[in-house]
Amino acid sequence: MTSSKPEEFETVSFVETLSRKELEAHLEATRAKLASNLDALEDKMDVPKQLDKATRRLRRKVQTMKQDAPLALAGIVAGAVVAVGITAYLMVKISTPKK
């Protein structure tokens, strides 16, 4: 006679071997792990919070570079200023009608 249960339900799971106290402890641990995972997921999905973290990391890196390699930081800033200037110039040039 064949059982109507799927095969995975026919084997004894470790949960079935636990005492009531062990089962309650297992359930509590599982709930705690689920809560922790949900908190971590919520943290990762919170875009403003992630932007704040990224901003803090960038500020720390800039402060470290400012102390350790001020000339390199100055070069990066100068390059960024030149790039922004060229981009602005080209945007104005492209959007200005020719006569």
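Residues numbered from 1 in each chain as written. Predicted model: local features only at pLDDT ≥ 70, side-chain atom pairs only at ≥ 80, totals over all residues. Heavy atoms only, no water.

### Let's talk about the overall build of the protein chain
Item 1. Counting its secondary structure elements, the protein chain contains 4 helices and 0 strands.
Item 2. Beginning at the N terminus, the succession of helices and strands in the protein chain can be written as α-α-α-α.
Item 3. In the protein chain, buried positions account for 2% of the 99 residues.
Item 4. Carbon and sulfur atoms form 64% of the exposed surface of the protein chain, whose accessible area is close to 9400 Å². (Helix = DSSP H or I, 4+ residues; strand = E, 2+ residues; numbered from the N terminus. Buried < 20%, exposed > 50% of the residue type's maximum accessible area, 1.4 Å probe, protein only. Areas by Shrake-Rupley, 256 points an atom, 1.4 Å probe, with all protein chains shown as cover.)

### Some thoughts on the packing of helix α2 (residues 20–45) against helix α3 (residues 47–68)
Relative placement of two packed helices is described by the angle separating their axes and the distance separating the axes.
Item 1. Running from amino to carboxyl end, α2 crosses α3 at an angle of 75°, the nearest separation of the two axes being 5 Å. When the interaxial angle is binned, α2 and α3 end up roughly perpendicular. Contacts from Asp43, Lys44 and Met45 in α2 reach Val47, Lys49, Gln50 and Lys53 in α3.
Item 2. Of the residues contributing to the contact of α2 with α3, the split by class is 2 nonpolar, 1 polar and 4 charged. (Axes fitted to C-alpha atoms, helices over the stretch in contact; angles between N-to-C directions. Parallel < 35°, antiparallel > 145°, perpendicular 65-115°, else oblique. Contact = heavy atoms within 4.5 Å. Nonpolar A, V, L, I, M, F, W, Y, C, P; charged D, E, K, R; others polar.)

### Thoughts on the confidence of the model for the protein chain
Item 1. Taken residue by residue, the protein chain gives an average pLDDT of 89. The fraction at 70 or more is 88%.
Item 2. The weakest mean pLDDT in the protein chain belongs to helix α1 (residues 7–10) at 62; the strongest belongs to helix α4 (residues 70–95) at 95. (pLDDT = per-residue confidence, 0-100.)

### Considering the pattern of salt bridges
Item 1. Tallied over the entire structure, the rule returns 5 salt bridges.
Item 2. Across the salt bridge formed by Arg20 and Glu24, the nearest N and O atoms sit 3.5 Å from each other. Separated by 4 residues within a single helix, Arg20 and Glu24 lie in helix α2, roughly one turn from each other.
Item 3. For the salt bridge of Asp43 with Lys49, the shortest nitrogen-to-oxygen distance reads 3.0 Å. (Salt bridge = Lys/Arg side-chain N within 4 Å of Asp/Glu carboxyl O.)

### Re a nonpolar patch on the surface
Item 1. Together, Val82, Ile86, Tyr89, Leu90 and Ile94 line one region of the surface with nonpolar side chains, adding up to about 540 Å² of accessible area.
Item 2. Looking at the element boundaries, Val82 is found in helix α4. (Patch = residues over 30% accessible without salt bridge, like charges linked within 9 Å, V, L, I, M, F, W, Y side chains within 5 Å.)

### Here we look at the packing of α3 against α4
Item 1. Orientation of α3 relative to α4, taken along the N-to-C sense of each, is 125°, at an axis distance of 5 Å. When the interaxial angle is binned, α3 and α4 end up oblique. Together, Val62, Met65, Lys66, Gln67 and Asp68 of α3 and Pro70, Ala72, Leu73 and Ile76 of α4 make up the contact between the two elements.
Item 2. Residue classes in the contact of α3 with α4 are distributed as 6 nonpolar, 1 polar and 2 charged.

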